[in-house]
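Geometric and topological summary
Now for the letters of each chain:
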Amino acid sequence: MSLLTYTSLVQELKSYLERNDVNFLAILPTIVRNAELRITTDLKDLTTQELVAGTMLSGSAYIAKPNLWRETVSIGLILNDGSVKRLQPRTFEFCRDVYPENAAAGEPEYYSDSTLDYIFIAPRPNIDYSYELCFQSAVLPLSDSQQENYITRRFPNLLLYACLLEAAAWAQDDEKLQVNQALYSQALDSGKTEQKRREVNRTITGVS
């Protein structure tokens with residue numbers, strides 16, 4: 001399959017299903033989103049690794065988690081000499097035991113994914129620090145303004161079959177549901193093999 005975009009996916013679905021009616025066009029974005037969620041679940045919570053830069057503010061023990069954050073991989077504190085100091089992951093309870101709320105500010109040592117929206121830093125910074133946050137990100141959902149994502153680039157066939165499966169379920173077409181389920185399952189097996197290969201490569205070489 002050639003490079004898949006949201007627009008080309010929608011066109012392929014209309015062509016495959018021979019539908020262009022108002023009801024179908026209205027439900028198409030939901031079909032695509034449900035297909036993405038199905039793939040994310042079936043490929044064991046599919047995520048991508050992202051890197052963002054930010055600033056820890058003096059006296060503040062929290063930094064905001066990026067949009068679509070799923071899991072923190074590492075936090076690197078950028079020191080004045082340009083070197084990077086890796087903060088150590090710990091539980092929130094550990095951080096509070098070692099650095100109580102009234103503890104003096106200092107150079108951060110630890111972090112904890114303490115809340116849904118924020119990462120806790122201990123001790124709280126004594127000055128402003130630049131940092132790099134590496135994290136696992138949920139896949140950006142496709143839309144008219146988001147034409148491509150990790151799934152369209154890595155698993156285009158799987159996405160198409162997932163959409164066809166979702167469309168058959170919406171149309172309550174049992175015959176097409178069975179056919180598309182088989183096609184999806186076959187593409188999913190290939191996707192799992194590819195995902196495992198990439199995980200092995202990342203472990204050995206650090207390259208995905």
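This text goes with the structure placed above it.
Residues numbered from 1 in each chain as written. Predicted model: local features only at pLDDT ≥ 70, side-chain atom pairs only at ≥ 80, totals over all residues. Heavy atoms only, no water.

**Comments concerning the sheet that holds strand S7 (residues 118-122)**
An order of S2-S7-S6-S5 is seen for the 4 strands of this open sheet, with the pairing classed as mixed. Looking at which strands have only one partner, the edges of the open sheet turn out to be strand S2 (62-64) and strand S5 (88-89). Across 3 bridges, the pairing between strand S6 (residues 110-112) and S7 is antiparallel. Residue Tyr111 lies in a different strand from S7, and its bridge partner there is Ile121. (Pairing = 2+ DSSP bridges. Helix = DSSP H or I, 4+ residues; strand = E, 2+ residues; numbered from the N terminus.)

**Remarks on the sheet that holds strand S1 (residues 47-56)**
Spatially, the 4 strands line up as an open sheet ordered S1-S8-S3-S4, and their pairing is antiparallel. Looking at which strands have only one partner, the edges of the open sheet turn out to be S1 and strand S4 (84-86). Between one strand axis and the next, the sheet turns by 30 degrees as a mean value, whatever way the strands run. Two elements, strand S3 (residues 69-78) and S4, share 3 bridges in a ladder whose sense is antiparallel. If you follow Ile78 over to S4, its bridge partner there is Val84. (Axes fitted to C-alpha atoms, helices over the stretch in contact; angles between N-to-C directions.)

**Some remarks on the pattern of salt bridges**
A side chain of one charge can pair with a side chain of the opposite charge when the charged atoms of the two come close. Evaluated as defined, the whole model comprises 5 salt bridges. Here Asp21 and Arg19 are joined by a salt bridge, their closest N and O atoms 2.7 Å apart. Taking the shortest distance from any N to any O, the salt bridge between Arg38 and Glu166 comes out at 2.8 Å. Of this pair, Arg38 sits in helix H2 (residues 22-42) while Glu166 sits in helix H5 (residues 156-171), placing them 128 residues apart in sequence. Take Glu166: its relative accessible area is 14%, and that puts it in the buried class. A network of salt bridges, in which partner residues are shared, links Lys85, Glu107 and Glu109. (Salt bridge = Lys/Arg side-chain N within 4 Å of Asp/Glu carboxyl O. Buried < 20%, exposed > 50% of the residue type's maximum accessible area, 1.4 Å probe, protein only.)

**Describing the packing of helix H1 (residues 6-17) against H2**
Put simply, H1 and H2 touch, their axes get as near as 11 Å, and they point 120 degrees apart. Comparing the axis directions of H1 and H2 gives the class oblique. Crossing angle aside, the handedness with which H1 passes H2 is right-handed. Across the interface between the two elements, Tyr6, Leu9, Val10, Leu13, Lys14 and Leu17 of H1 pack against Phe24, Leu25, Leu28, Pro29 and Val32 of H2. Residues that form the contact of H1 with H2 fall into these classes: 10 nonpolar, no polar and 1 charged. (Parallel < 35°, antiparallel > 145°, perpendicular 65-115°, else oblique. Left-handed = near helix turned anticlockwise from the far one by under 90°. Contact = heavy atoms within 4.5 Å. Nonpolar A, V, L, I, M, F, W, Y, C, P; charged D, E, K, R; others polar.)

**Overview of the state of the cysteines**
Enumeration over the complete set of coordinates arrives at 0 disulfides. Of all cysteine sulfurs, the one in Cys95 lies closest to Cys134, which takes part in no disulfide; the gap is 19 Å. Cys134 gets classed as buried once you look at its relative accessible area, which sits at 12%. (Disulfide = S-S within 2.5 Å.)

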